[in-house]
Every structure is written in C-alpha cells, then in structure tokens.
There are 2 protein chains.
Amino acid sequence: MENFIYGKNSVLELISSNMRSINRIILQKGLHSSPKIEKIIALAKNRGIAFQFLPKEQFQKYSEVPHQGVIAYVPPVEYTDFNDFLKKDKQYKRVIITDRIEDSYNMGSIIRTAVCAGFDAVIFPKRRNAMINAAAEKSSAGAVNHIDLIMADSLAAIIDKLKNAGFWVIAADINADDNYFEIDYCRMNFAIVLGSEKSGISSSLLKQADYRVKIPMLRNFDSLNVSNAASILMYEAVRQIMQKSPNIV
Amino acid sequence: MENFIYGKNSVLELISSNMRSINRIILQKGLHSSPKIEKIIALAKNRGIAFQFLPKEQFQKYSEVPHQGVIAYVPPVEYTDFNDFLKKDKQYKRVIITDRIEDSYNMGSIIRTAVCAGFDAVIFPKRRNAMINAAAEKSSAGAVNHIDLIMADSLAAIIDKLKNAGFWVIAADINADDNYFEIDYCRMNFAIVLGSEKSGISSSLLKQADYRVKIPMLRNFDSLNVSNAASILMYEAVRQIMQKSPNIV
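These numbers come from a predicted model, not from an experiment. (Residues numbered from 1 in each chain as written. Chains lettered and ligands numbered in written order. Predicted model: local features only at pLDDT ≥ 70, side-chain atom pairs only at ≥ 80, totals over all residues. Heavy atoms only, no water.)

Colleague: Please explain the packing of aromatic side chains as it appears in this structure.
Modeller: The description of an aromatic ring pair uses the distance of the two centres, along with the angle that the planes make with each other. Following the criterion strictly, the structure yields 18 aromatic pairs over all chains and no others. For the pair A:Phe119 and A:Phe190, a centre-to-centre distance of 5.8 Å together with 80 degrees between the ring planes defines the contact as edge-to-face. A residue pair is termed long-range when its members are at least 10 positions apart, and A:Phe119 in the loop between helix 4 (104–116) and strand 6 (121–125) and A:Phe190 in strand 10 (residues 189–194) qualify at 71 residues. On the accessibility criterion, A:Phe119 (0% relative accessible area) is buried. Both rings, one in B:Phe4 and one in B:Tyr6, keep their centres 6.1 Å apart while their planes meet at 50 degrees; by these two values the pair is tilted. For B:Tyr6, a relative accessible area of 7% translates into the label buried. Pairwise contacts between aromatic rings join A:Phe4, A:Tyr6, A:Tyr62 and A:Tyr73 into one cluster. (Phe/Tyr/Trp six-rings, centres within 6.5 Å; stacked < 30°, edge-to-face > 60°. Helix = DSSP H or I, 4+ residues; strand = E, 2+ residues; numbered from the N terminus. Buried < 20%, exposed > 50% of the residue type's maximum accessible area, 1.4 Å probe, protein only.)

Put into structure tokens, the structure is as follows:
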C-alpha cells in the first residue's frame, strides 16, 4: 500500500532532502502559485518524478488532513523481520521499543531522532500503537526507510528474545530511582523502552527490564512529550559513547 | 484575549493536570457520550468550572482545528517584561531563545520541556516566530503559564542585554565545530539560541554568540526536529548541573 505525504512544506522538504523515493506528486488544479509550489515542480522535473494537476474533487478523500492541494505518493514503508535484524552483523546494536504510543506524530518524530542518533531499529507492537501512517511519515521527515522498523506481535516475546541475544533492556519510567544519565550505555547492545503518552510502560513489560531510569523533573510538572523524552535518552547514549568509546560509534 | 484548548484528549489532560486555570468549557450538543467526555464533565463539576452544551453552529468558527466538539477557554497567556526578568533574584538563570520558529506545535513543545528542565524563561521575537496560540497551548500541555515568556522587539538587542548582564550565549548551529556536550553549563547564567526549522539561526545572531555547538548526526541525515534538538540541549545542561553541582539545581 502506497503512503502519502501532504502539504506544501512537507512535500518540499521530502523532495529536497532526497531521503525517500517518490512515486508521483499530485497538485490541485487552480492552486495559487507560490515559490514553494514552483520549487516542488522544478525539483520534480529535475528528478524525473511524475506530477499532475487534478481537479479539487480528487482531493476529497484527503479532507481529513491539511494537504493544501499538494500530495506526494511514496512507496510503502518497509518493515524488517525481527530475526533478520538479530542476525545482522554489528558490534553493538541500539534499539528503541515503543509500547502503545498513541500519536503518529510522536512515532514519526521518534523514528527521525533514532536515525539521527544512529540507532539500529525501532520496534513497536502491531496493535495498540500508532501506525506509520501519513502523519508519522510527515513528522519523520523521510526517515522511515532509513532504519529497521520492526512490527511485533508481542513486545513481551521480543524483549525476551532481545535479552537472550545479549541486549540490556532499559525502561523509561517516571517512578524509577535512577536518573537516565546514571547508567552506562557503552559497549553493549541495549533497548530503550518508552511507554504511552498517558500511562507509561505496561507493568508486565516494566518487570522484564534490566534497568529503570527516569528523566528528572526540575519543576513540579511531570509531562515531557514522549518524543522529547526519547530524544533525551537516545542522545545521552550518543554522548557517553562519543565521549568514552568514540571508536565504536 | 482568551486562548482556547481543543479536542477531547487535550481538554481532559488540561483539566486533570490542574496546570492552567480554565474559564469555561463548551461541548457540542448531541455529542456522542464517551468515558472521556464524562470525565471532563465530572472534573468540571468537581472544580466548579462552568460548562455548557452549544449547538453545532457555534463551533463553526473553530472548523480549522480538530476540536471534536470540546473546547476549553483559558485566560490569555501572560508575558513577562524582559527587564523585570533580569531583575529577578536567582543565582543562575537559564534561558531559551527561539529565532523564527515557524511551527506553533514546536513552540509549545519547547516551552513544555523548558518547564520540565527548570529553565527560567523562553524568549522569542514578536514577529516572524510562531505565536503562543491554541496549537502551542495544546502541545505545551498547560506549561505556558509556568515559565517566564518574553516577547522581544529585537532578539539582537535582547542578546546584547543578556551578555551585558553576564549571560553566556550558546547558539545551536549544525555547522559548529564543538559538540553540545563539550561545553560547560554549570555555575553560569546562559541562553541557548535555537534557529528556525528551515534555515537555523540568522547569521547576525550567530555572530553574537559566545559559543556555537552542534548535535552530532550519526547517520547522513541532518534533520532533528527543533523541539527534540531543544530537549537534548536543555537536558545536557540539567545532567551536567545535577552531576557536577547538584546543590544549585
């Protein structure tokens, strides 16, 4: 199934970044011309991407999203088989696991940061987690095909397998005793587990974790956005690895 | 001018968190009842917040946003005068400056993290920067009135004044030589400057900075979302301060 990216800015970003192949672009007939639209058309011509102007009615089915008369179709997101991922030859693997994240925007944003931070995979449950839909594609800024995305039937089973394969499992938990920067992320395979926006990590998964860490709150306000929390945790690992064992980044 | 928060989840979060006072809540007549709606009504009764059911037509003016028939009106965002902020008595002040951030969602999210990280103010230019509107309120999760928000006529002038007041100015710049974790955030007043999603910090402001720092990209993908970048920088300061001089957090 094709995915789509919508909106002037997002399509322009997509086509400029060259991060994701584009099947075709549709533009609404009678669209007010603008520098951004012209740039999209110029880049499409330049890269040999088909584009066409279609009447307004053809955009009816996208009325749920603010498409601004510009939609790019991209190949479906590719998923990686968990066992294939485990078999990949790499000294230390770093993984993010999301447990019931509700918001696709957050999901896309986590994938984007995971790519920047050099993580190897994002694992999420097949059910009760935001899918990698158009909104996630948009906030991922094209990152979705630049990292292994693994859809799990059961996170509990995946976490067991990771542990058997020598991964340390680190759960982000607001009630943890240790701060996230008090544990060592170097020279090991590890998975960071993030929970849902509302209720955190399910208690059964929490029990499977080797470590629980919290991000300290310096005001009486318990409410980091989950994608921001994810960024803080991933980049603490990056910092430690770059400072302590730069040769294995 | 009153602001408003829209959507079942956001209004429920708002009223549950108790972070922001609420003037009144309106609900759409004939709204399909749900556990969330019932919870909103129960909490409104409990906290003595006026609520009323209004016909669909009254929601017409909010058609730009996915309000789901639920809107909470909140008092206007309060802004702080820059000179009053400078006069406040505090040993070390930590500030975020945003230069032409376009997306209100990002703006709200930065404010939210700044509150969590114990920063003292968010400063942004009056023009050509996303305003603290309904979308920003929503992504701030009620944080907007828990930190000094300062609207500047000129960021250049503000940065000069900050420097004169003993602040170190740290610019986030993708082309910097130093990584963000290589500088010391302890025992000093500092301001972190973040640039626009598209083009970073304007070159004139960049010249005013005492330090330029980058967040290293571990893949060939130059594209952290600005609110995630902000979180990484703010929490590196938190980490250093908590680890090196915990008594002055």
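Colleague: What should I look at first to understand the interface of chain A and chain B in this one?
Modeller: You'll often see interface size given as the accessible area lost when the parts meet. With 46 residues of chain A at the interface, the matching set in chain B holds 46 residues. For the pairing of chain A and chain B, the buried interface totals around 3600 Å² over both sides, and the portion due to carbon and sulfur atoms is 59%. When the buried area of chain A at its contact with chain B is split by residue, A:Leu218, A:Arg219 and A:Phe221 rank highest and sum to 20% of it. Counting the contacts that link chain A with chain B gives three salt bridges. Note that B:Glu236 is salt-bridged to A:Arg239, the shortest N-O span being 3.8 Å. In this assembly, chain A and chain B are joined by 18 residue pairs in polar contact (both at pLDDT 80 or more). Those elements giving two or more residues to the side of chain A that touches chain B turn out to be helix 1 (8–17), helix 4 and helix 8 (226–244) of chain A. (Contact = heavy atoms within 4.5 Å. Buried area = accessible area lost by both parts, 1.4 Å probe. Salt bridge = Lys/Arg side-chain N within 4 Å of Asp/Glu carboxyl O. Polar contact = N/O pair within 3.5 Å; in protein donor to acceptor, adjacent residues only side chain to side chain.)

Colleague: Help me understand unusual backbone geometry, please; the structure alone is not making it clear to me.
Modeller: Most peptide bonds take the trans configuration, and most residues that are not glycine carry a negative phi. Residues and elements named next belong to chain A. Backbone geometry at Arg100 places phi at a positive 60 degrees, although glycine is not the residue there. With respect to the secondary-structure elements, Arg100 resides in the loop between strand 5 (94–98) and helix 4. In this structure Arg100 comes out as buried when scored by relative accessible area, which is 19%. Phi at Arg128 is positive, roughly 55 degrees, even though this residue is not glycine. Structurally, Arg128 is set in the loop between strand 6 and helix 5 (134–140). By relative accessible area, Arg128 is classed as exposed at 69%.

Colleague: Would you mind showing me how to read the sheet that holds strand 11 (residues 211–214) of chain A here?
Modeller: Whether parallel or antiparallel, the strands of a sheet pair through hydrogen bonds between backbone atoms. Residues and elements named next belong to chain A. The parallel open sheet is built from seven strands, whose spatial order is 7-6-5-10-8-11-9. The sheet terminates laterally at strand 7 (148–152) and strand 9 (178–179), the two strands that pair on one side only. Where strand 5 lies against strand 10, five bridges are found, and the strand directions are parallel. When the sheet's bridge partners are listed, Val95 is paired in strand 10 with Ala191. Packed onto the sheet, helix 6 (residues 155–164) meets strand 5, strand 6, strand 7, strand 8 (167–172) and strand 10 and runs at close to 145 degrees relative to strand 6. (Pairing = 2+ DSSP bridges. Axes fitted to C-alpha atoms, helices over the stretch in contact; angles between N-to-C directions.)

Colleague: For this particular structure, what's the right way to read the state of the cysteines?
Modeller: A covalent bond bridging the sulfur atoms of two cysteines is what the word disulfide describes. For the structure shown, the criterion picks out zero disulfides over all chains. A:Cys186 provides the cysteine sulfur closest to A:Cys116, a residue in no disulfide bond, and the two sulfurs are 20 Å apart. Free of any disulfide, A:Cys186 has its nearest neighbouring cysteine sulfur in B:Cys186, separated by 20 Å. On the basis of relative accessibility, which here comes to 11%, the residue A:Cys186 falls in the buried class. (Disulfide = S-S within 2.5 Å.)

Colleague: Is there a simple way to think about the pattern of salt bridges in this case?
Modeller: A side chain of one charge can pair with a side chain of the opposite charge if their charged atoms are brought near each other. Per the stated rule, a full pass over the model turns up 25 salt bridges over all chains. When the shortest N-O distance is used, the salt bridge between A:Asp148 and A:Lys88 registers 2.5 Å. With A:Asp148 in strand 7 and A:Lys88 in the loop between helix 3 (82–87) and strand 5, this pair connects stretches of sequence that are 60 residues apart. Judged by relative accessible area, which is 42%, A:Lys88 ranks as partly exposed. A salt bridge links B:Lys163 to B:Asp210, with the nearest nitrogen and oxygen atoms 3.9 Å apart.

Colleague: What am I meant to see in the side chain of A:Asn228 here?
Modeller: With respect to the secondary-structure elements, A:Asn228 resides in helix 8. Polar contacts involving the side chain of A:Asn228 include one to the side chain of B:Ser109, which spans 2.8 Å.

Colleague: Would you explain the packing of helix 1 (residues 8–17) of chain B against helix 2 (residues 35–47) of chain B in this entry?
Modeller: The angle between the axes and the distance between the axes are what describe a pair of packed helices. Residue and element names in this part refer to chain B. At a minimum axis separation of 10 Å, helix 1 and helix 2 run at an interaxial angle of 30 degrees. Taken together, the axis directions place helix 1 and helix 2 in an arrangement best described as roughly parallel. Here helix 1 runs over helix 2; the crossing is left-handed. Residues Lys8, Asn9, Val11, Leu12, Leu14, Ile15 and Ser16 of helix 1 form the contact with helix 2, whose participating residues are Lys36, Ile37, Lys39, Ile40, Leu43, Ala44 and Arg47. Looking at the contact of helix 1 with helix 2 residue by residue, the class counts come to eight nonpolar, two polar and four charged. (Parallel < 35°, antiparallel > 145°, perpendicular 65-115°, else oblique. Left-handed = near helix turned anticlockwise from the far one by under 90°. Nonpolar A, V, L, I, M, F, W, Y, C, P; charged D, E, K, R; others polar.)

Colleague: Where do I start with the pairing of strand 4 (residues 70–74) of chain B in this structure?
Modeller: Within a regular strand, side chains alternate between the sheet's two faces. All names here are of chain B. Counting buried positions over the five residues of strand 4 gives five, a clear majority of the element. Burial of strand 4 is two-sided: the residues Val70, Ala72 and Val74 facing one way and the residues Ile71 and Tyr73 facing the other way are all buried. Bridge analysis of strand 1 (residues 3–6) against strand 4 gives four bridges, and the strand direction is antiparallel. Paired with Asn3 across the two strands is Val74, which belongs to strand 4. The sheet contact formed by strand 2 (residues 24–28) and strand 4 spans four bridges and is antiparallel.

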